[in-house]
Amino acid sequence: MQQRNDLLIEQQVQQNMNINPTIASISIPDDKPLSPISVVKPQQNIHIYNKDYEGKILMLKRLTNYQEQDYPNGTFYGQMINGKKHGQGLMLLQGRVCEGVWQNDRKHGHCKEIFDSGETFEGEYQNGKPQGKGVYIRNNESYDGQWVNGFKHGHGIWKMGNDFYEGEWKFGKIDGYGVYIQNNNKYTGSFRNNLKHGHGIENFANGDLYNGQFCNGKPEGQGTYIWNNGAEYRGMFKNGVRHGKGVWSKWDPLKEGHYRYEGMFENDKKHGQGVFTWPSGNYYVGAFVNDYRHGYGEMFWKDQYYKGYWERGMQHGDGELCKNGVIKKGRFENNVLTNHRSNSMWESGESNFKLANNLNQTFSHGISGLSQRSRYMPAIGRKPKLIMRKGDKTVILDNLIINDIPIENDPDFLTICPEPVQQKKFKPKMNCSQLLKQHFSTLRK
């Protein structure tokens, strides 16, 4: 059986030798029968000659240790030692040409490669890979700078059309500090993994400017954006838009003042609590939603104010409007007061003074002709005990002293005298009814 196997192997080898005299080896797997023998066939060597390099080849032939060696992918012309490329040489390959220095069968030193596609590289090699300074050109793209282990690494200048970058690279990617120009937009700052990352300044072609932090190519963190119309934002950014606390302002030359907003932003819109000021000095303090005054807020003009609820920029809901000293409370719809409620500055639980029960009962039930619309009001500088109306007169009863006070045109609004009435010492010698008759005599005049 062993003799039969040896005979079969000898016959198979002889057949292969007749077909290809340079066969390298034959391998027989141990776990398979003899018949399916595997044969490793080497690639055929080819010889490439190019008349364009005839002069270069003649110069190389003058060097010592000059040889010509064919390989499966091309032909080497140059110095060789012990069958390996070593020294000056020219390698003509399918699709490219390499001219330079070899060491121990690898490109090592200054070399130039030209590809049929038009790409070229010229620079320093080490152990067969670009290492050191080199220039790479492909169509309208170029790189001139440092290389490490075949990668762009270190300082370099990259160009492609009108785009330009000069700065640091790490293993083939823009990483570190640099200057990048694209479509006339210029960025100066830090990069990571080909993206703007860290602090940077970007000048846009339209005149806008951003100075601040970037994350993965977009503004994020603290920054300042200045528009070409003079508007400015200083504050927080997220994912390329205003997000978080910030201050926006814009100068109006016609009104000679600033529009200004200070507060919260969300997805590039005013959203949350903030203060908006107009050039006139008017200002709003309160809630915003999607750039609108929305929720509870207070708006102040020179001669009036509104405190209450808003909906998409309009007074909508319960609110209080004060104009020229007149306060109106009620329900607002689309900036219009639709349900008016009389004003009460001293509501239940808010008053710091209390009327004696017997005094209240005396004035509310014991005196006829008093207006049912009487109410409590605070006086400037003191707290009156009671305010009443009779006909076109308004009276304040304070320690049983009655004073005439003018009535505003608005029948629901009472104006309190600006100066406190001098209180007089009172020695009660009469009961409440007698006192009222005495003091109410002034109302008949």
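Here the structure is shown first, and the text comes after it.
Residues numbered from 1 in each chain as written. Predicted model: local features only at pLDDT ≥ 70, side-chain atom pairs only at ≥ 80, totals over all residues. Heavy atoms only, no water.

A. Representation of the pairing of strand 18 (residues 232–238) within the structure. Relative to strand 18, strand 17 (residues 218–226) is paired through six bridges, and the arrangement is antiparallel. Directly across from G223, in strand 18, lies its bridge partner G235. With antiparallel pairing between neighbouring strands as the criterion, strand 17 and strand 18 make up a hairpin whose turn holds five residues, including G230 at a positive phi of roughly 95 degrees. With six bridges joining them, strand 18 and strand 19 (residues 241–252) adopt antiparallel strand pairing. Looking at the pairing, F237 lines up with R242 of strand 19. In this structure, the hairpin formed by strand 18 and strand 19 is closed by a connection of two residues, where N239 is found at a positive phi of approximately 55 degrees. (Pairing = 2+ DSSP bridges. Helix = DSSP H or I, 4+ residues; strand = E, 2+ residues; numbered from the N terminus.)

B. Molecular detail of the nonpolar core. With 37 residues, the main nonpolar core has M91, Y165 and W248 as its most contacted residues. Tallying contributions element by element places strand 20 (residues 257–266) first for this core, with three residues. Beyond its immediate chain neighbours, meaning those up to four positions away, M91 contacts Y71, N73, G74, T75, F76, K85, R96, V97, C98 and W102. Of all hydrophobic cores here, the second largest spans eight residues; its members include Y53, I57, L90 and V97. (Core = buried A, V, L, I, M, F, W, Y, C linked by side-chain atoms within 4.5 Å. Buried < 20%, exposed > 50% of the residue type's maximum accessible area, 1.4 Å probe, protein only. Contact = heavy atoms within 4.5 Å.)

C. Just the packing of aromatic side chains, in detail. A complete count under the given rule lists 28 aromatic pairs for this structure. Look at Y187 and F191: their rings are 5.0 Å apart centre to centre, the planes differ by 85 degrees, and that puts the pair in the edge-to-face class. Each member of the pair, Y187 as well as F191, carries the same accessibility label: buried. Taking the centre distance of 5.4 Å and the plane angle of 85 degrees together, the rings of Y284 and W310 count as edge-to-face. One end of the pair, Y284, is in strand 22 (residues 283–289); the other, W310, is in strand 24 (residues 304–311), with 26 residues separating them in the sequence. With relative accessibility at 4%, the residue W310 sits in the buried group. Between K307 and the ring centre of Y305, over which it is positioned, the NZ or CZ distance is 4.9 Å. (Phe/Tyr/Trp six-rings, centres within 6.5 Å; stacked < 30°, edge-to-face > 60°. Lys NZ or Arg CZ within 6 Å of the ring centre and 35° of its normal.)

D. Looking closely at the pattern of salt bridges. Taken as a whole and judged by the stated rule, the model has 12 salt bridges. E113 is the salt-bridge partner of R96, the closest N and O atoms lying 2.3 Å from each other. Within this pair, whereas R96 is found in strand 6 (residues 96–103), its partner E113 is found in strand 7 (residues 106–115), the two being separated by 17 residues in sequence. With relative accessibility at 26%, the residue R96 sits in the partly exposed group. Here the residues in one salt-bridge network are R96, K107 and E113, joined through shared partners. (Salt bridge = Lys/Arg side-chain N within 4 Å of Asp/Glu carboxyl O.)

E. Summary view of the side chain of H316. Along the chain, H316 falls in strand 25 (residues 314–323). In this structure the side chain of H316 is engaged in a polar contact, spanning 3.3 Å, whose partner is the backbone nitrogen of N334. (Polar contact = N/O pair within 3.5 Å; in protein donor to acceptor, adjacent residues only side chain to side chain.)

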